[in-house]
Amino acid sequence: MGGNMGQTAQKSGFSEPYTEAQRAYLFQRQAYSNEPFPTYESRVASLRTLEALISENIEAIAEAVSADFGNRSPIETKLLEGYGSLSGIRYTIRHLKRWMKRQNRHVSVLFMTGKNRVIPQPKGVVGIVVPWNYPLFLMCSPLTSALAAGNRCMIKMAANSRNLCRLMHELFKKKFPQNLVTILPDVTGAEFSSLPFDHLIFTGSADSGRVVMRSASDNLCPVTLELGGKSPTIICDDFDLREAALRILYGKFINAGQTCIAPDYLFVPEQKAEKFADLAREIVSRRYADINGGDYTSIIDDRSYRRLRETFLDATTRGARAFKLVDGEFNDALRKFPPHVMLDVTEDMRIMQEEIFGPLLPVMTYRNLDDVVDYINGKDRPLALYLFTHDSAVQERILFGTISGGVTLNHCMFHAVQHDMPFGGIGASGMGQYHGYEGFLEFSKMKPVFSFPGISKPDMFYPPYGKFHETMFAMINRLKL
């Protein structure tokens, strides 16, 4: 290993023999040192390579994802993950040249002949921790932003994404130099998050996010956390209940509810809960005529399936009424969990205390929106919020009366594929944001550069201080400079 890399290893606290993850990190760190500011042309070339990799292999990718789940419709993977990934790359390519431009900024009046600039610089080596529920999109989206910003990237995929991980590992080895992008199939989460990255992005549970953040703090590594939570959904009286149900049930039951921004619980006006449940049964039974077929996704693993069964049993034992929305029964072998609407839920039930991450939709009623706002604000801040109303005053009331990661009005989840808007949580649902320009900023160091004016008298600021300095401050203050 070269001298410079050896010095990097020593600085990083590594000692031989290096682990696979440490060797990959040192390889990328050395490459960053050799080329700390990739050109616009090289960044676009990397993004086009990523675009081609996904586009040319989408059938194999969808098959691998389905194998990891036990079953997920390839069409669902293409629409939810393939489209979002490819459109995000293409949007970034179209706008990258403008994002990379040095920004001129206003100069303080006392230094008016000077010059201020802000230069976007790559941070260096970025670590990306990918969850299993949308493994293609949640790998490609941060990777797109990080490559656009000029970084090197190391990727750790979830243990539940073994088939996709093996496929992507081979594809990336063929298309990308390992000192630019590498996927590490065998690294543990603890080892990966302990590497001294220049930025680390993690998508997953809040508990795991806390562990990742503690580990990153040892290296003073900035983190972006996308952590999910219980996203509330509200239907107002002025919005057609059937149309709201059509839209909400799509967002809830794609991927069998295993979506971080899925509607987690629903508020409907008093006296409309039963009607909503009836509509839900009609709509969902038509969409998923056979849950053991290919359109309805399996629960990812036995542990998650058992957790959902326990959550369901806890709710029904404590008095919740379960409305099964399809004819099919629980299929333990295929981990097919029938979609349900749950009425008469209470706060002592697990279903109202934990993120559901499955095909259960609790429904609560309300008389006035103040109660809804108070309820939402009494909980952890969610990753998403959904409101169904045509009343702009009500929209403003909810938007400014609550805080969440993002909002879709009159539908669910589509804010996540709007590439000119940031995506990110707040509080217990995460920190930081990416997608589009905000993603470019997240993985860049916006370096401020001040060029001191050539014609100036800097010594007027120097000590020893006296009457002149008092007069200068008084004049500056009086003129409000």
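Residues numbered from 1 in each chain as written. Predicted model: local features only at pLDDT ≥ 70, side-chain atom pairs only at ≥ 80, totals over all residues. Heavy atoms only, no water.

(A) Broad picture of the packing of aromatic side chains. Scanning all chains against the criterion turns up 26 aromatic pairs. Ring centres of F69 and W132 lie 5.9 Å apart, and the angle between their planes is 70°; this geometry places the pair in the edge-to-face category. Placement of F69 in helix α4 (residues 58-69) and of W132 in the loop between β3 (125-129) and α6 (137-148) is noted, with a sequence separation of 63 residues between them. Across this residue pair, the class does not change: F69 and W132 are buried. A ring pair is formed by F267 and Y366, whose centres lie 6.4 Å apart and whose planes are at 80°; its orientation type is edge-to-face. Placement of F267 in strand β9 (residues 263-269) and of Y366 in strand β12 (residues 360-366) is noted, with a sequence separation of 99 residues between them. We note that F267, like Y366, is buried. Sitting over the ring of F37, R43 keeps its end group 4.9 Å from the ring centre. (Phe/Tyr/Trp six-rings, centres within 6.5 Å; stacked < 30°, edge-to-face > 60°. Helix = DSSP H or I, 4+ residues; strand = E, 2+ residues; numbered from the N terminus. Buried < 20%, exposed > 50% of the residue type's maximum accessible area, 1.4 Å probe, protein only. Lys NZ or Arg CZ within 6 Å of the ring centre and 35° of its normal.)

(B) Highlighting the pattern of salt bridges. Within the structure shown, the criterion is met by 24 salt bridges. Linking D207 and R210 is a salt bridge whose minimum nitrogen-to-oxygen distance equals 3.0 Å. Taken as a pair, D207 and R210 lie in helix α9 (residues 206-217) at a separation of 3 residues, close to a single helical turn. Since its relative accessible area comes to 57%, D207 is described here as exposed. Using a relative accessible area of 44% as the deciding quantity, one classes R210 as partly exposed. For the salt bridge of E354 with R350, the shortest nitrogen-to-oxygen distance reads 3.7 Å. Within the structure, one salt-bridge network assembled from shared partners comprises R242, E282 and R286. (Salt bridge = Lys/Arg side-chain N within 4 Å of Asp/Glu carboxyl O.)

(C) Up close: the sheet that holds strand β14 (residues 406-409). As summarised here, the arrangement of the 7 strands in space is β10-β11-β12-β9-β8-β13-β14, forming an open sheet in which the pairing is mixed. The two strands at the open ends of the sheet, each matched to only one other strand, are β10 (321-324) and β14. The sheet shows a mean angle of 25° between the axes of neighbouring strands, taken without regard to direction. Relative to β14, strand β13 (residues 384-388) runs parallel, the two sharing 4 bridges. Bridged to L385 within β14 is V407. (Pairing = 2+ DSSP bridges. Axes fitted to C-alpha atoms, helices over the stretch in contact; angles between N-to-C directions.)

(D) Just the side chain of N331, in detail. Residue position: N331 is located in the loop between β10 and β11 (340-343). Assessed through its relative accessible area of 17%, N331 is described here as buried. A polar contact is formed between the side chain of N331 and the backbone nitrogen of L334, at a distance of 3.0 Å. Apart from residues no more than four positions distant in its own chain, N331 is found in contact with N292, Y305 and K336. (Polar contact = N/O pair within 3.5 Å; in protein donor to acceptor, adjacent residues only side chain to side chain. Contact = heavy atoms within 4.5 Å.)

(E) Focus on the nonpolar core. Counting 120 residues, the largest nonpolar core has M168, F172, I234 and F276 as the members making the most contacts within it. In this view, F276 contacts I235, L241, A245, L249, L266, V341, L361 and V363; residues no more than four positions away in its chain are not counted. (Core = buried A, V, L, I, M, F, W, Y, C linked by side-chain atoms within 4.5 Å.)

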